[in-house]
Amino acid sequence: MMKIMRTAGVFAVALLMSLTAHSAINILPNPGSVERLGGACSVRLAGEVDFLPLNEGIVPEGYELEVTPGGVVVRASSESGRFYAKQTLQQLVDHAAGGEIPCVRIVDQPKYAWRSFMIDSGRQFQRLETIKGLLDRMAMLKMNVFHWHLTENDGWRIEIKKYPKLTEVGAFVADGEEQHGFYTQKDIREIVAYAAERHITVVPEIDVPGHSEAALKAYPSLTCSREAPKPVKKGFSPYLYCGGRDSVVEFLCNVLDEVCELFPSEYIHIGGDEAPKSEWKKCTDCQAKIKEMGLKDEHELQIELTNRLARHLAAKGRKAICWGDVVTLPGQELEKNVVVHWWNYRRGGDKALREGIKRGLPVIANSNYYTYLNFPQKHTWRNYRKDRLFDFQTCYEKNPSDIRNPTAQQSKALLGMGCCLWTDHGLTEEWLDRRLYPRIYAMAEQMWSTAERLPFTDFKNRVYAKQPILQELGIGGDWDEEY
């Protein structure tokens, strides 16, 4: 027998305390099946759970939860399955009517093995308490991967002991609000442990070869010109890690060695997006490497760099995640431990998905329409134009990443689904909840639930039943404004 615990802190309580305004059983994400057994179980008896021995016949992370007048029984094949059963049970217990909860049998399992939420800590720095709060909310929504974007343009947020200038420069380059700071290796271990307690894997991202101005300013010898990059006022910076020198690859491998020591994740994200090649075109080292390797162009040079890093990670038993840019142009084959992160739906539709499938590589569905929660919902904000807006209903009903009837090829290729909260245009901590809610509930539903999809009005009613208690705790903002 084991007592159920509130494992996700104050944010978890906020999510749990207001679930039943519109339904006697209002569990989100929606379980695969809920069978009412009749009768009720007292909260006192439900306070202890009989976890049966692990059963290999149940899907990993899946569970069976049975509530009867005599108590609660959980069957699962893994500790994560038991954890998710407790989260579901807690929703019932915290909303018990008259000290009783309805007797039910719930059979539940995730749609995807990969269910990720990303925060961009490169542009804006978030406090440890904020990161932990995001992990709490992820746990209650049954998300299991925290994609931590740790380097971006002028920001470098991860301590690398071999190269101390990375944080000496990259943690303090920008001058905006909440743009100064970095995570020590002690901080990172604390977050990794905190996440693991909630059955969340932390996947770090180190951007290569673009979006890397912080590292290039700290160590100018990494650029093609061996000079610090110049400011770029508009568009993407052409200043990349030099793709032609082995010393640059050595630097990146040394960084990845420390990253792998800090993060036990099977996956390490190495970026790969939005890397203009004008500097590579005029770099003698890059051109010599292209000739030496028999490559066609600078894009193939990027793939060669990607493959070298992927092979280094493979030797450590890791896999390399790359943004979909690596497959959207013709080129040589990628290493088999590469995962394609499909994102650029606005410009390429599902091309990265199709190319990933064609090349036999796993794919994460995380398109910028409609899983980028930093895009405002109904009102333009700072530099976000009208064509970036999408509301809760659009997110729930028209998300291209939410492939409801996948083909056999898609089912085989799809590792899972993700959502992102980029922090460009000064998205400080006060704005995070206003971006997350209520759309993050749609994301969680699409990642986890195998049940028949609820009509939007019914789903919205369930979600909005949570709003009052969240507001009491200062979480979530005013959903009616739909920032």
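Up top you'll find the structure we're talking about.
Chains are numbered independently. Their residues run from 1 in the order of the written sequence. Totals for whole chains, interfaces and linings use all residues, but because this is a predicted model, local features are given only for residues with pLDDT of at least 70 and pairs of side-chain atoms are given and counted only at 80 or more. Heavy atoms from the whole structure form the basis of all side-chain values; hydrogens and water molecules are not counted.

Considerations on the overall build of the chain
Point 1. Under the scheme used here, helices are H or I runs from DSSP no shorter than 4 residues and strands are E runs no shorter than 2 residues, and both carry numbers assigned from the N terminus. Helix and strand counts for the chain come out as 19 helices and 16 strands.
Point 2. Each of the three principal axes of the chain carries a C-alpha extent, and together these read 80 × 45 × 40 Å.
Point 3. Exposed residues in this analysis have more than 50% of their type's maximum accessible area, buried residues have under 20%, and partly exposed residues fall in between, with area computed by a 1.4 Å probe over protein chains only. Scored against the burial criterion, the 483 residues of the chain give a buried share of 60%.
Point 4. In what follows, residue pairs with any heavy atoms lying within 4.5 Å of each other are defined as contacts. Considering only intrachain contacts with a sequence separation of at least 6, the fraction spanning at least 24 residues in the chain is 75%.
Point 5. Surface exposure here means Shrake-Rupley accessible area, sampled with a 1.4 Å probe, where a residue is shielded only by the protein chains that are shown. Of the roughly 19200 Å² that the chain leaves accessible, carbon and sulfur atoms contribute 49%.

Overview of the state of the cysteines
Point 1. When two cysteine sulfur atoms lie within 2.5 Å, the pair is treated as a disulfide. In total, this model carries 0 disulfides according to the counting rule given.
Point 2. Just so you know, Cys242 is unpaired, no disulfide at all, and the nearest cysteine sulfur is the one on Cys224, 3.9 Å from it.
Point 3. There is no disulfide at Cys419, and the cysteine sulfur nearest it, in Cys420, is 7.0 Å away.

Quick word on the side chain of Thr130
Point 1. When you line up the elements, Thr130 lands in helix H4 (residues 128-140).
Point 2. When residues no more than four places from it in sequence are discounted, the contact partners of Thr130 are Glu429 and Leu432.

As for the pattern of salt bridges
Point 1. The working definition used for a salt bridge is a side-chain nitrogen of Lys or Arg within 4 Å of a carboxyl oxygen of Asp or Glu. In total, this model carries 34 salt bridges according to the counting rule given.
Point 2. A salt bridge links Lys111 to Asp402; the shortest N-O distance between them is 3.6 Å. One end of the pair, Lys111, is in the loop between strand E6 (100-108) and strand E7 (114-120); the other, Asp402, is in the loop between helix H14 (392-397) and helix H15 (408-413), with 291 residues separating them in the sequence.
Point 3. Judged by relative accessible area, Lys111 falls into the partly exposed class, the value being 27%.
Point 4. For Asp402, a relative accessible area of 7% corresponds to the buried category.
Point 5. Between Arg226 and Asp285 there is a salt bridge, and its shortest N-O distance comes to 3.6 Å. Taken as a pair, Arg226 in the loop between helix H7 (213-218) and helix H8 (246-262) and Asp285 in helix H10 (residues 284-293) lie far apart in primary sequence, 59 residues in all.
Point 6. Each of Lys111, Asp402, Arg404 and Arg453 takes part in salt bridges that share partners, so that together they form one network.

Focus on the layout of surface pockets
Unfilled space is identified by rolling a water-sized probe across the atoms.
Point 1. Throughout, the protein atoms alone are placed on a 1 Å grid, and a set of points is a cavity if a 1.4 Å probe fits but cannot get out or a pocket if it is open with protein on both sides within 12 Å along at least five of seven lines; lining residues have an atom within 4 Å of a point. Grid points are joined across faces, edges and corners, and a volume is the space filled by probe spheres set on the points. The computed volume of the second largest pocket comes to approximately 320 Å³.
Point 2. Asn144, Val145, Ile200, Thr201 and Ser265 are, among the 19 residues lining the second largest pocket, the residues nearest its centre.
Point 3. Looking at the lining of the second largest pocket, the elements that each hand over two or more residues are helix H3 (79-93), helix H6 (185-197) and strand E11 (201-205).
Point 4. Per-element tally for the lining of the second largest pocket: the top contributor is E11, with 3 residues.
Point 5. Considered class by class, the residues forming the lining of the second largest pocket number 12 nonpolar, 5 polar and 2 charged. Nonpolar residues are Ala, Val, Leu, Ile, Met, Phe, Trp, Tyr, Cys and Pro. Charged residues are Asp, Glu, Lys and Arg, and all others, Gly as well, are polar.

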